[in-house]
Amino acid sequence: MADSVTDRFLRYVVIDTQSDAKSPTQPSTMKQRILGELLAAELQAIGVTDAHLDEHGYVYGTIPATTSKNNVPVICFTAHMDTAPDFSGTNVKPQIVRNYQGGDIQLLGDRTQVIRVAEHPVLKDLIGHDIVTTDGTTLLGADDKAGIAEIMTAAEFLINNPDIRHGAIRILFTTDEEIGRGVDKVDFKKLGADFAYTLDGETAGTIEDETFSADAVEIAIKGVAIHPGFAYGKMENAIRIAGAIIDRLPKDQAPETTRGRDGFIHPTGVSGVMEKANLSFIIRDFTEEGLKTKEALLEEITKDVLSSYPGSSYTFTIKEQYRNMKVVLDRHPEIVEYAVEAIRRAGMEPVRGSIRGGTDGSRLSFMGLPCPNLFAGGHAFHSPLEFVSSQDMEKAVKTVIELARLWEERA
C-alpha cells in the first residue's frame, strides 16, 4: 500500500496546478483541470463508475455501499488539487530519501536549501521512513496532493475488497482552495453527503476540529498629488501614508511573532503611486471577538496616521473569508470521535489539534457539511522545504479505510 500511494503521489506532483487569486474564473487556472481529468480517468479505471470532472474543475465520484444496513451516513472524503501561489510549482522534481537515518537533508537542485532537524523536529520521528522532497527549486505539492493520493488509494482498496462493510462514500477533489474559493461551486445536492473529512493536515495521527476565523482587509488611500518642485506644504504622498500604517502595526501581532492560539494582522500586499495606494491584509484569530478587535485596531491605526494628512482620505473594506469550524463540529461530536478511534485503529496515538489556517472544511462546515481535517502527512507547506513520508501517507490510507468501517459498525 505504501508503494501504491507513493506512486500516485509522484505522478500527481509533477503536474503544475498552482491557483491564481487574480483570475476571475473557476478554476482560476486551467492547468488544474489537467490533474482533474487524470483523477477522473483513474477513478473510472478502478471502478468508480460515476467519476467525472465538472465545468468548475471539481472531480466527483462514489464508492457504492457494501452494507445491507440502510442507516449508514454518507461520508465524503475531500482534498484540493491546487498548490499555493506562494512558491513555484512548475517543473517539480521529486526526490526520495530511502530509509532516512536522521540528520539534515540537503536538497540537490539548490544546495542552499536544507531541511534541518533543528527547524523540523518531526524528522526525529521519521527514522527508517522514505521521505519525499523536491530538489529545492519548487514546492512539492504535498499540500494537498498527498491527500488526493491517499483518498485514491483508499478508494481502490475498498473497491477491490467488497468484504469490507461500509456505507456509500463520496469523493470530492476541489480547485482553488489555496486562494479561498475551494468550495464556492460545490453542488451539495449532487454530492449528497451527510458530513465530510478533508485530508489536508500535517503530522500523522492528527485530527483537527478547529481553525482560525479569517477576514481580508483592503485599505485604499487617496493622497494629494502635486509636482514635487512645488510640493512644500501641499503634497500628501499616498506611498508614505501606506508606509506609516505598516510601520505602526504591532510587532507582537505578526505571523512571525505569534504561535499557538495567538492571532495576527498580516500585510500581504502593497501598491501605490503618489496619488493613491492600496494595502491588503489578512486578519486571523480563533475567536470572532479577537478577529473584530484586530480589525478595529488596524482601522484605528489608519485613522491616526491619516489625521496627520488632512487632505487625504481612505476606505476600509472587510471581506469575510472563513470561520472557526469548531462552532459547527461541537454540535456533531461523533464525527471527530470516530476519527479519533479510526486513527487509533490505524496504529497511531490520536492527537487533537487546531489549525493556524483554514481548509475547505472550514467553509464546508458553515455551508451545512460538517468537516474536520485529517492528517495527510506533509510538512513545511508552501515552501521548497516541503516533505512527506511514504509511511505516513500509508497511515492516512488506513485511517480512511478504518473510518469507513467504523461508521458502518456503529450505524
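Structure shown above.
Presented here is an overview of the structure given in this document. (Residues numbered from 1 in each chain as written. Predicted model: local features only at pLDDT ≥ 70, side-chain atom pairs only at ≥ 80, totals over all residues. Heavy atoms only, no water.)

Some thoughts on helix H8 (residues 333–345)
Here H8 is 13 residues long and its end C-alpha atoms lie 19 Å apart, about the 18 Å a rise of 1.5 Å per residue gives. Among the residues of H8, those classed as buried are Ile335, Val336, Tyr338, Ala339, Val340, Ala342 and Ile343. On its buried side, H8 packs onto strand S9 (195–201), strand S10 (206–211), strand S15 (351–355), strand S16 (373–375) and helix H10 (390–410). Where H8 ends, the next residue or the one after it, glycine 347, has phi of about 95 degrees, a positive value. (Helix = DSSP H or I, 4+ residues; strand = E, 2+ residues; numbered from the N terminus. Expected span 1.5 Å × (residues − 1). Buried < 20%, exposed > 50% of the residue type's maximum accessible area, 1.4 Å probe, protein only. Contact = heavy atoms within 4.5 Å.)

A look at the sheet that holds S16
Overall, mixed pairing links the eight strands, which are arranged S1-S2-S8-S3-S9-S16-S10-S15 in an open sheet. The outermost strands of the open sheet, each flanked by one partner alone, are strand S1 (52–53) and S15. Strand direction decides the pairing type here: strand S3 (residues 75–80) and strand S8 (residues 169–174), joined by six bridges, are parallel. Across the sheet, the residue bridging to alanine 79 is phenylalanine 173, located in S8. Sitting on the sheet, helix H3 (residues 142–160) is in contact with strand S2 (59–63), S3, S8, S9 and S16, with an inclination near 145 degrees to S3. (Pairing = 2+ DSSP bridges. Axes fitted to C-alpha atoms, helices over the stretch in contact; angles between N-to-C directions.)

Section: the environment of threonine 78
Summarising the element assignment, threonine 78 is placed in strand S3. Separated by 63 residues in the primary sequence, threonine 78 and isoleucine 15 place their C-alpha atoms 19 Å from one another. Filtering out sequence-adjacent residues up to four positions away, threonine 78 remains in contact with Ile151, Leu172, Thr174, Tyr197, Thr198, Leu199, Leu364 and Cys371.

Observations concerning the pattern of salt bridges
Applying the stated rule across the entire model yields 25 salt bridges. Between aspartate 330 and lysine 326 there is a salt bridge; the shortest N-O distance is 3.3 Å. Under the relative-accessibility criterion, aspartate 330 is labelled partly exposed at 47%. Assessed through its relative accessible area of 25%, lysine 326 is described here as partly exposed. Through salt bridges with shared partners, a single ionic network connects Asp215, Glu288, Lys292, Glu295, Glu320 and Arg323. (Salt bridge = Lys/Arg side-chain N within 4 Å of Asp/Glu carboxyl O.)

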